[in-house]
Amino acid sequence: IDQRGWLDIYRWERWSGTQLPLLQEGQLFDITKVELVAGKTQPPPLLTEADLLAKMDAHGIGTDATMADHIKTVLTREYATRANQPPHVLKPTPLGRALVDAYDAMGERLNRPELRAAAEADFTSIANGKKTKAQVIAETLVTMRRCFDVVQRDVAQL
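Residues numbered from 1 in each chain as written. Predicted model: local features only at pLDDT ≥ 70, side-chain atom pairs only at ≥ 80, totals over all residues. Heavy atoms only, no water.

> Describe the packing of helix α4 (residues 113–127) against helix α5 (residues 133–153), listing the residues and the values that go with them.
Look at α4 against α5: their axes get within 9 Å of each other, and the N-to-C directions meet at 160 degrees. On the basis of the axis angle, α4 is roughly antiparallel to α5. Every pair of crossing elements has a handedness; the one defined by α4 and α5 is right-handed. In this structure, α4 uses Leu115, Asp122 and Ile126 to contact α5, whose residues at the interface are Lys133, Val136, Glu139 and Met144. Among the residues making up the contact of α4 with α5, the classes are represented as four nonpolar, no polar and three charged. (Axes fitted to C-alpha atoms, helices over the stretch in contact; angles between N-to-C directions. Helix = DSSP H or I, 4+ residues; strand = E, 2+ residues; numbered from the N terminus. Parallel < 35°, antiparallel > 145°, perpendicular 65-115°, else oblique. Left-handed = near helix turned anticlockwise from the far one by under 90°. Contact = heavy atoms within 4.5 Å. Nonpolar A, V, L, I, M, F, W, Y, C, P; charged D, E, K, R; others polar.)

> Lay out the pattern of salt bridges in plain terms, naming residues and giving numbers.
Applying the stated criterion to the full structure yields seven salt bridges. One salt bridge in this structure joins Asp122 and Lys131, with 2.9 Å as the shortest N-O distance. Taking the relative accessible area as the measure of exposure, Lys131 reaches 24% and is therefore partly exposed. With its nearest N and O atoms 3.1 Å apart, the salt bridge here joins Lys131 to Glu139. Glu139 gets classed as partly exposed once you look at its relative accessible area, which sits at 37%. When salt bridges with common partners are traced through the structure, they connect Asp122, Lys131 and Glu139 into a single cluster. (Salt bridge = Lys/Arg side-chain N within 4 Å of Asp/Glu carboxyl O. Buried < 20%, exposed > 50% of the residue type's maximum accessible area, 1.4 Å probe, protein only.)

> Tell me about the environment of Met67, and please be specific about residues and values.
Here Met67 lies in helix α2 (residues 67–76). We classify Met67 as buried; its relative accessible area is 7%. A sequence separation of ten residues divides Met67 from Asp57, and the C-alpha atoms of the two residues are 8.4 Å apart.

> Give me the lowdown on the side chain of Glu120, citing residues and values where you can.
Structurally, Glu120 can be placed in helix α4. Given a relative accessible area of 11%, Glu120 falls into the buried group. Reaching out from Glu120, the side chain makes a polar contact with the backbone nitrogen of Gly62 at a distance of 3.1 Å. (Polar contact = N/O pair within 3.5 Å; in protein donor to acceptor, adjacent residues only side chain to side chain.)

In structure tokens form, the structure reads like this:
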């Protein structure tokens, strides 16, 4: 893969296309088919609420009782809109894109699901008695303070 195409701008998706055979430099192989197809690289389809809920579940974000509230918050804050017609895809707004771009410009991963999943794991640790609320708050404050310091330092990039 020489160029990532749309993956360079659609950062929250990973390339997982067709598996290429393992070849060594200089290795010869038989070409079985050559086909020239005109077109442009297309981004993946927008997510529906069901798609987003499945991704949230896969990353351990939220519970059955809270996941819909997370989506409602994204819509209320106007980070995305929901299409009125089926399949009701969620489309990032300029504000939502700007927020993700700002996080990326600062090198922060505040828009990555791993951060929220870690918070959810901490909540579970509190519920199971493995961590105290004070421990989780102290650890979170250290992380968020570092993020705040980066934002304050790099605010001109925004």
